[in-house]
Amino acid sequence: MAGREAGEMASLLWLLVWAAGVIWILVLGTAVYATGISRGPVDDRVANVMILAGGVFLPTLVLGGLVTWTVWTMSGLRVPDEQGLRVAVSGEQWWWRVAYEGPDGNPVASANEIRLPAGETVTLELSSPDVIHSFWIPSIAGKMDMIPGRVNELVLEPTKPGIYRGVCAEYCGTSHALMAFSVVVMEPDAFAAWLAEEARPASASSAHEGLALFLENGCGACHAIRGTEADGRVGPDLTHVASRKSLGAGILPVTQAALEEWITHTREVKPDARMPPYDMLPEAEIATIAGYLASLK
Ligand code: CUA
């Protein structure tokens, strides 16, 4: 487990499994005793004691203990840290919109990847503009629904640096199964350095021929690349797209070839994706645009 919440839920699960195992053996043992070994009438007093012990005292003790342990564990989870990091995550058909608060207080947009500092309590503000999605990073915390028209807060504390997989856990349309994301848990210093870098405008030259083609073909109406004229809000922000772990929400690697594949065969890669394929462009132009995007580290 790489998160406090997932760790505590796993401990609770194993406690319930063991307790259920012991109870199962006790019940089965008693049944075997009653049907096989014991013959003839049982003394009334012995029967009464067994009914009281097995039917009242033992269940009260065991169930009371398990309820207490459960309530105690759950009350320690999902307690927000008012000063802590907040990240807004919106589930959309079929990708993830992510926004951090930058070092200067302005929002920093990203997509399909969430970076978090290890050992800190983080509050994720979960929402959706279209249908119900469900946000789940199994190794770090329990899942929570993303419901149109409201913001659900998921509090979690990642404990171990590493890269984890997150998924959408609620059927949300054709490409529900193609809606994943990476969670990169970093040491707090490295996270702060990364966020400062992420807040910067695009690094590539604004004279790049790929940018001119990107704008000419209208890509900037849906996608933003900070520091350029592209400021669309419909699709993922591409300012640092090449620094992410995947393309298309966890389905393709971030390479020039994959970018070309995405631009020309969008709906084969992701059925019903909102982005139309741009296979009408000459191959050389697609390669130039993909080359530009692949340089946006
Ligand atoms: Cu989003 Cu399933």
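Residues numbered from 1 in each chain as written. Predicted model: local features only at pLDDT ≥ 70, side-chain atom pairs only at ≥ 80, totals over all residues. Heavy atoms only, no water.

Trainee: Can you help me understand the overall build of the protein chain in this one?
Mentor: Of the regular secondary structure elements, the protein chain holds seven helices and ten strands. Compactness check: the protein chain gives a C-alpha radius of gyration of 27 Å against a globular reference of 19 Å for 297 residues, more than 25% above the reference. Across its three principal directions, the C-alpha atoms of the protein chain cover 95 × 40 × 30 Å. Burial status across the protein chain gives 39% buried among its 297 residues. Across the protein chain, contacts joining residues at least 24 apart in sequence account for 65% of those joining residues at least 6 apart. When the accessible surface of the protein chain is split by element, carbon and sulfur atoms take 62% of a total near 15,700 Å². In the protein chain, 20 side chains carry a positive charge and 33 a negative one; their mean positions are 7 Å apart. (Helix = DSSP H or I, 4+ residues; strand = E, 2+ residues; numbered from the N terminus. Rg over C-alpha atoms; globule rule 2.2 N^0.38 Å. Buried < 20%, exposed > 50% of the residue type's maximum accessible area, 1.4 Å probe, protein only. Contact = heavy atoms within 4.5 Å. Areas by Shrake-Rupley, 256 points an atom, 1.4 Å probe, with all protein chains shown as cover. Lys, Arg positive; Asp, Glu negative; His and termini not counted. Charge placed at Lys NZ, Arg CZ, Asp CG, Glu CD.)

Trainee: Help me out: how do you make sense of the nonpolar core in this one?
Mentor: Nonpolar side chains in soluble globular proteins tend to end up buried together. If you look at the biggest cluster of nonpolar residues, it comprises 38 residues, and the most contacted ones within it are L124 and F135. Broken down by element, the residue count for this core peaks at five residues, all from strand 10 (residues 180–186). Discounting chain neighbours no more than four positions away, the residues touching F135 are V89, W96, I114, L124, L126, G142, K143, M144, M146, L154, V167 and F181. Within the second largest apolar cluster, 24 residues are counted, among which are L238, L252, L281 and L293. (Core = buried A, V, L, I, M, F, W, Y, C linked by side-chain atoms within 4.5 Å.)

Trainee: Help me understand the side chain of T266, please; the structure alone is not making it clear to me.
Mentor: Among the structural elements, T266 can be located in helix 6 (residues 266–269). Overall, T266 belongs to the buried group, its relative accessible area being 0%. Here W262 takes part through its backbone oxygen, which lies 2.7 Å from a polar atom of the side chain of T266. In this structure T266 touches E261, A273, M275, P276 and P277, once residues within four positions along its chain are discounted. (Polar contact = N/O pair within 3.5 Å; in protein donor to acceptor, adjacent residues only side chain to side chain.)

Trainee: What should I look at first to understand the domain arrangement of the protein chain in this one?
Mentor: When the parts of a complex come together, some accessible area is lost, and that lost area is often used as the size of the interface. Partitioning the protein chain into domains gives domain 1 (4–75), domain 2 (85–198) and domain 3 (209–294). Placing the centre of domain 1 and that of domain 3 at their C-alpha centroids yields a distance of 59 Å. (Domains from an automatic or database assignment.)

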